[in-house]
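# Coordinate inspection notes
Residues per chain, in single letters:
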Amino acid sequence: QAQLVESGGGLVQPGGSLRLSCAASGSIFSINDMNWFRQAPGKEREFVAHITWSGGSTNYADSVKGRFTIFRDNAKNTAYLQMNSLKPEDTAVYYCNGDITATSRSRTSYWGQGTQVTVSS
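These remarks concern the structure in this document. None of these values were measured; they are calculated from a predicted model.

Rules behind the numbers
Residues numbered from 1 in each chain as written. Predicted model: local features only at pLDDT ≥ 70, side-chain atom pairs only at ≥ 80, totals over all residues. Heavy atoms only, no water. Phe/Tyr/Trp six-rings, centres within 6.5 Å; stacked < 30°, edge-to-face > 60°. Helix = DSSP H or I, 4+ residues; strand = E, 2+ residues; numbered from the N terminus. Buried < 20%, exposed > 50% of the residue type's maximum accessible area, 1.4 Å probe, protein only. Lys NZ or Arg CZ within 6 Å of the ring centre and 35° of its normal.

Turning to the packing of aromatic side chains, a few remarks are in order. In total, this model carries 3 aromatic pairs according to the counting rule given. Centre to centre, the rings of Phe 37 and Phe 47 are 5.9 Å apart; their planes meet at 75°, and the pair counts as edge-to-face. Taken as a pair, Phe 37 in strand 4 (residues 28-39) and Phe 47 in strand 5 (residues 46-52) lie far apart in primary sequence, 10 residues in all. A centroid spacing of 5.1 Å and a plane angle of 55° characterise the contact between Phe 37 and Trp 111, whose relative ring orientation is tilted. Separated by 74 residues along the polypeptide, Phe 37 in strand 4 and Trp 111 in strand 10 (residues 107-111) bring together distant segments of the chain. Residue classification places Phe 37 among the buried positions, given a relative accessible area of 19%. Three or more aromatic residues link up through ring pairs in this structure, and these residues are Phe 37, Phe 47 and Trp 111. In this arrangement the basic side chain of Arg 45 is found over the ring face of Tyr 95, its NZ or CZ atom lying 3.7 Å from the centre. Sitting over the ring of Trp 111, Arg 45 keeps its end group 4.7 Å from the ring centre.

Written out as structure tokens, the structure is:
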């Protein structure tokens, strides 16, 4: 089994920046891809960003293109979400999601516990 642990959330003023981290640990054979989702109060969880682990290809929700960057550190089994030019509408709980193959060769989608990002003056 694997676990995902997020960190880096907090309170930031509009226009500011935050970097979220998502560290994968446990019985990992390979990481296939990682994603960030977010859920604002009263709204459904929505896709934010995606990265393939081997090639590093990325794609983003239209609402964050040009402001957010997803990248990874293969050696640390960690994905990051660099968020710049933050807006109040970015306020949400951010969740990391990983498509991971365990050493048992079972392939599972894992979720982290979420980290709160609040953009407010």
